[in-house]
Amino acid sequence: MVTPRRTRIEAVGEKAAVTPLELFFDLVFVFALTRVTDWMADEPSVESLLRGALILTVMWWTWVGYSWVGNIAKADEGIIRVGMFVAMAGVFVGAITIPEAFDDLPGGLYGPAVFAFAYFFVRAVHIALFWVVSRDDPMLRRQVARFLPSMLAGTVLLLIASQTEGWVQTLLWVAAILGDYLGTILSGTDWRLASAAHFAERHGLIIIVALGESIVSIGIGVAALPISWPIIIASALGLAVAGALWWAYFDVTSLLAEHELANATGERQIRLARGCYSFLHLPMVVGVIMLSLGLKKVLLYVGGGDGHSLSDPIYGVPLAALYGGTALYLLAHVWFKWSLMRTISVARVVVAVVLLAVTPLVALLPALVTLAVLAVVLAALVGWETHHYAELRHQVRHGDHHTGGRVT
C-alpha cells in the first residue's frame, strides 16, 4: 500500500525523462534571457556586457539547483511540485527586476535589493526542497548542510552589493558568484544523480531555450520595421547561425556526453555532472545570449532602423558580441568534450580563433555581409565535421555507442 508519506516524494528512475512541469519551469528562464538581451541592447557597452554576463550567471545558478533536485525527486509530484511553483514566482520577480538589478529606476521599490531578495528566496526554496528530499539519506543531508554556507555567502554579498554602485557593486557581484561557485566545489561530492539521461536532457533543453532566444532576437530586432528583402535574407542567415550552433551540440556531442555520464559511477559521475553540465553549460548559454544581442543589432541595421542604412557596418560591442559570443560557445563545447571524453575538437578551436581574429576586419563590411560571413564559416564547420566523421557519426546516432573511435 502506498502511504500518504510516500505520495509526497516520488523518486526519479534511471530512465526518467524531463517532466512537463520542468519544461513549464523553464519558461520563466526564457523570459529572463529575453530581459537580459533587451537590457544589454538598449545601451551596449563593455560594462553592460559584463553586467549582463553576471546577471546570466546568477539566474543560471538558480536554474541549476532545481535541475539537481528534479533529478532525485519527480518535479511534478507532491511537495516538490508545490516548491517548483513557489520558486517560479521568485524567479519571475527576479526576471522582471533585471533592468534594475544594478541601477534603480525612479519610483517604486528599490530594484537592486528586490533582485537580491528574489535570488535569496529562490535559493532558500531550493535548499528547503533538498532538505526534504534528503530526509532518509543522512549523507545527502550532510552534503546539503555543507553547501548552505556558500549559498548564504553569495546571497549576502548580493544584498550588500545592492547598497553600492559603480565598479564596487560589480566587484561585489563577482565576489558573490565566485563564493557560490567555489563553495559548491569545496562542499564535497556527496550529491546524488538518479538518472544521467534526465540530467543530460535537462541541460540540452536549456541550450535549446537559449538558442530560442537568439531566434526571438531576430524577430524583435525588426518587429517595428517594414518587411524587405534585406530583412528576409538577414533573418535566414540568423536562423542558419542558430541552426549550426544547434547542430554542433545535438548532432553527436550531446549523445556521446550522455553516454559518458551514464557510464561514470560514484564520485566521478558527480564531478562530471557538476563540472561539465552545471559549470560548463553556463559559458554556452552566455555565448548564445551575446550572439542574440549581435543578431538583434544586425537586423536593426539591415532594416534601416534608428537611422541606419543597408551599407552601415556593425562594429564595437555588438560586433564583439556577435562573433565573440559564437567563439565562446564553440570553445565551451571544446572544454565540455575534453572534460567528459578527453578529446579535443580541433576544428572548433580553429573556427573560434578565426572568428576572433577576423572581427576587426569584418567591422569594415556592411552588417549583412558580416552576418553572412559568420553563417558561411559555421556552415563550413558543420559540413566538414559531418563529412570527416561520417562513419563514427553514423555509429553514434544509429548504432552502438560503445564504439572504439572518437568523434573529435
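What comes next is a walk through the structure. (Residues numbered from 1 in each chain as written. Predicted model: local features only at pLDDT ≥ 70, side-chain atom pairs only at ≥ 80, totals over all residues. Heavy atoms only, no water.)

1. Notes on the packing of aromatic side chains
By the definition in use, this model includes 19 aromatic pairs. The interplanar angle of 45° and the centroid separation of 5.2 Å between the aromatic rings of Phe-25 and Tyr-66 together place this pair among those described as tilted. A residue pair is termed long-range when its members are at least 10 positions apart, and Phe-25 in helix H2 (residues 20-42) and Tyr-66 in helix H3 (residues 46-72) qualify at 41 residues. Here Phe-25 and Tyr-66 have matching classes, each one buried. The interplanar angle of 25° and the centroid separation of 5.6 Å between the aromatic rings of Trp-246 and Phe-250 together place this pair among those described as stacked. Note that Trp-246 and Phe-250 are positioned in helix H9 (residues 229-250) at a spacing of four residues, about one turn of the helix. Clustering of aromatic rings is evident, with ring pairs tying together Trp-68, Phe-199, Trp-246, Tyr-249, Phe-250, Tyr-277 and Phe-336. (Phe/Tyr/Trp six-rings, centres within 6.5 Å; stacked < 30°, edge-to-face > 60°. Helix = DSSP H or I, 4+ residues; strand = E, 2+ residues; numbered from the N terminus. Buried < 20%, exposed > 50% of the residue type's maximum accessible area, 1.4 Å probe, protein only.)

2. Some details on the pattern of salt bridges
Applying the stated criterion across every chain yields a total of 14 salt bridges. Residue Asp-26 is joined to Arg-202 by a salt bridge in which the shortest nitrogen-to-oxygen separation is 2.7 Å. Here Arg-202 lies in helix H8 (residues 196-221) and Asp-26 lies in helix H2, a separation of 176 residues in the sequence. Residue class for Asp-26 comes out buried when judged on its relative accessible area of 3%. Between Arg-271 and Glu-267 there is a salt bridge, with the nearest N and O atoms lying 2.7 Å from each other. One end of the pair, Arg-271, and the other, Glu-267, are both in helix H11 (residues 266-279), four residues apart, so they sit about a helical turn from each other. For Arg-271, a relative accessible area of 43% puts it in the partly exposed group. (Salt bridge = Lys/Arg side-chain N within 4 Å of Asp/Glu carboxyl O.)

3. Concerning empty space enclosed by the protein
Scanning the model with the defined rule gives six cavities of 30 Å³ or more in all. By volume, the largest cavity amounts to about 150 Å³. Around the largest cavity, the lining residues are Trp-61, Val-64, Gly-65, Trp-68, Arg-123, His-126, Phe-130, Phe-147, Thr-184, Trp-191, Arg-274 and Ser-278. Secondary-structure elements contributing two or more residues to the lining of the largest cavity are H3, helix H5 (111-133) and H11. The element best represented in the lining of the largest cavity is H3, accounting for four residues. (1 Å grid on protein atoms, 1.4 Å probe; cavity = no way out; pocket = protein on both sides within 12 Å on 5 of 7 lines; lining within 4 Å. Points joined across faces, edges and corners; volume = space filled by probe spheres on them.)

4. What to know about a nonpolar patch on the surface
A cluster of nonpolar side chains, namely Trp-335, Trp-338, Ile-344, Val-346, Val-350 and Val-354, defines an oily patch on the protein surface of about 580 Å² accessible area. The leading source of residues in the nonpolar patch is helix H14 (residues 346-362), at three residues. Examined against the element boundaries, Ile-344 turns out to sit in the loop between helix H13 (316-341) and H14. A relative accessible area of 43% means that Ile-344 is categorised as partly exposed. (Patch = residues over 30% accessible without salt bridge, like charges linked within 9 Å, V, L, I, M, F, W, Y side chains within 5 Å. Areas by Shrake-Rupley, 256 points an atom, 1.4 Å probe, with all protein chains shown as cover.)

5. Here's the deal with the side chain of Arg-123
Within the secondary structure layout, Arg-123 lies in helix H5. When its relative accessible area of 2% is taken as the criterion, Arg-123 is described as buried. In this structure, Arg-123 is in contact with Trp-61, Thr-62, Phe-147, Met-151, Thr-155 and Asp-180, ignoring residues within four places of it in sequence. (Contact = heavy atoms within 4.5 Å.)

6. Here we look at the nonpolar core
Ranked by internal contacts, the top residues of the largest apolar core, which has 129 residues, are Ile-55, Trp-60, Trp-68, Trp-173, Tyr-277 and Phe-336. With near-sequence residues (within four places) excluded, Trp-60 lies in contact with Tyr-181, His-203, Ile-206, Tyr-277, Ser-278, His-281, Leu-282 and Val-285. (Core = buried A, V, L, I, M, F, W, Y, C linked by side-chain atoms within 4.5 Å.)

7. Some details on the layout of surface pockets
To locate leftover empty space, one rolls a probe as large as a water molecule over the atoms. The calculated volume of the largest pocket comes to roughly 340 Å³. For the largest pocket, the lining is made up of 15 residues, of which Thr-57, Ile-177, Leu-178, Tyr-181 and Leu-282 are closest to its centre. When contributions to the lining of the largest pocket are tallied by element, the ones reaching two or more residues are H3, helix H7 (166-186) and helix H12 (281-302). The biggest single contributor to the lining of the largest pocket is H7, with six residues. Considered class by class, the residues forming the lining of the largest pocket number 14 nonpolar, one polar and no charged. (Nonpolar A, V, L, I, M, F, W, Y, C, P; charged D, E, K, R; others polar.)

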